[in-house]
Amino acid sequence: ATTSTIEKNIEISKQNTEHFKEDVHAGLRQSPKYLNSKYFYDQYGDSLFQKIMAMPEYYLTRCEMDIFKNQTAEIASVIRAEQTPFDLIELGAGDASKSIHLLEYLKKQDADFRYMPIDISGNILSVLEKKLSKHLPDLDIECLQGEYFDMLYKASQLSTRRKVILFLGSNIGNMEMEDVYRFCFELRKNLNKGDVVMIGFDLKKEPNTILNAYNDSNGVTAAFNLNLLHRINRELDADFIVDQFEHYETYDPVSGACRSYLISLQEQQVNVGDQTFHFLENEPVYMEVSQKFSLEDTRKIASQSGFEPHYNIMDSREWFVDTFWTA
Ligand code: AVI
């Protein structure tokens, strides 16, 4: 890398840290206190999430894997209904463990496409790029690190081909319901008529099955939440005593919201950079929502944001749906 790219990267990393600090400060001033789960994914957070995906309780990955492994031809025929070249853009690609089956299939079919994974984590993107260059050396790939809409805009500047957007793993569930609507509306605005989106939604089901997926007995999900406090300590010069917080999970079968909290086990003060926050004993810090949906919810979200619901593919137990909407 040249001196100017190194300087540019240092500048970007400084700006990211500044945003992170502003978000943490603002969140801890709110009532209830709040930390945004998009910051879970530093290097250790990525590895904990990989562990979560491999847990027997975390059924989501296996459900969507079932769809990607066993209904690949169906997925390909929906996204290739129009036989024109396309950009396959994956929002929050992670290690692409599911979409890799689709990529393989499309390559075998000799489909004309470029794969553009977008992720907030530069760490996971470099892992992904290495994995794909080994596994699918002929794949045309362009990794984009950053926020979804910034990178979607960048993707549009790089090419004018038809877009197929993948947003898998019920990542959409990590938004509050009103943000889900706002997000889908914004997504539609960034697409052209005929573009396709494929979104994975985790469906409402037996409540304990859902709760257990986020409250595993080995404490991996707890460590995943608590890791954000370690990250804040390291990156924002903070002094959380991590042992003084406990993970607490809830699931409301009416609204479909599964929410995680960290509970302060004692009254305490925490410094984050130049600001001090006061925690009461048993005060919750709201960390994350993992929203569960009905099929009716997904149709409503599509039509209210200007998409045409087109096709649904579910796993064999009907616990998870990948919906296809056209712009
Ligand atoms: C990334 N996201 C879809 C996960 C979920 O299921 O909400 C994040 C997660 N949080 C705890 N376990 C998994």
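Conventions used here
Sequence positions are assigned chain by chain, starting from 1 and proceeding in written order. Reporting in this predicted model follows two pLDDT cut-offs: at least 70 for local features of residues, and 80 or more for side-chain atom pairs to be given and counted; totals over whole chains, interfaces and linings ignore these cut-offs and use all residues. Water and hydrogen atoms play no part in the side-chain values, which are based on all heavy atoms of the structure. Runs of E in the DSSP output that reach at least two residues are strands. Runs of H or I that reach at least four are helices, and both are numbered from the N terminus. Only C-alpha atoms enter the radius of gyration, while the globule expectation follows 2.2 Å times N to the 0.38, with N the number of residues. Only protein chains enter the accessibility calculation, which uses a 1.4 Å probe. A residue is then buried if its area is under 20% of the maximum for its type, exposed if over 50%, and partly exposed in between. When checking whether two residues touch, look at their non-hydrogen atoms; a contact exists if any pair is within 4.5 Å. With residues, only the protein chains shown are counted as cover, and all accessible areas are computed by Shrake-Rupley using a 1.4 Å probe. Positive charges come from Lys and Arg alone, negative charges from Asp and Glu alone, with His and the N- and C-terminal ends not counted. For charged residues, the charge sits on one atom: NZ in Lys, CZ in Arg, CG in Asp, CD in Glu. As used in this record, nonpolar core signifies buried Ala, Val, Leu, Ile, Met, Phe, Trp, Tyr and Cys residues forming a set joined through side-chain atoms within 4.5 Å.

- The protein is annotated in an unreviewed UniProt entry as L-histidine N(Alpha)-methyltransferase of Flavobacterium endoglycinae.

### Quick word on the overall build of the protein
Phase 1 of the analysis: For the protein, the count of helices and strands is eleven helices and 13 strands.
Phase 2 of the analysis: The C-alpha atoms of the protein give a radius of gyration of 20 Å, which matches the 20 Å a tight globule of 327 residues would have.
Phase 3 of the analysis: Dimensions along the principal axes, computed over C-alpha positions, put the protein at roughly 60 × 55 × 35 Å.
Phase 4 of the analysis: Per-residue burial for the protein yields a buried fraction of 50% across its 327 residues.
Phase 5 of the analysis: For the protein, long-range pairs separated by at least 24 residues make up 73% of all intrachain contacts whose partners lie at least 6 apart in sequence.
Phase 6 of the analysis: Carbon and sulfur atoms make up 48% of the accessible area of the protein, which totals about 15600 Å².
Phase 7 of the analysis: On the protein, the mean spot of the 34 positive side-chain charges and the mean spot of the 51 negative ones are 5 Å from each other.

### Examining the nonpolar core
Phase 1 of the analysis: By size, the foremost hydrophobic cluster in this structure holds 68 residues, and its most contacted members are Leu88, Tyr115, Ile232, Phe240 and Val272.
Phase 2 of the analysis: For Phe240, the contacting residues outside a window of four places in its chain are Leu28, Leu229, Ile232, Asn233, Phe245, Val270, Val272 and Phe279.
Phase 3 of the analysis: With 28 residues, the next largest nonpolar core counts Ile89, Phe201, Leu203 and Phe307 among its residues.

### Quick word on the side chain of Asp42
Phase 1 of the analysis: When you line up the elements, Asp42 lands in the loop between strand E1 (33-34) and helix H2 (43-53).
Phase 2 of the analysis: With near-sequence residues (within four places) excluded, Asp42 lies in contact with Asn227, Arg231 and Arg234.

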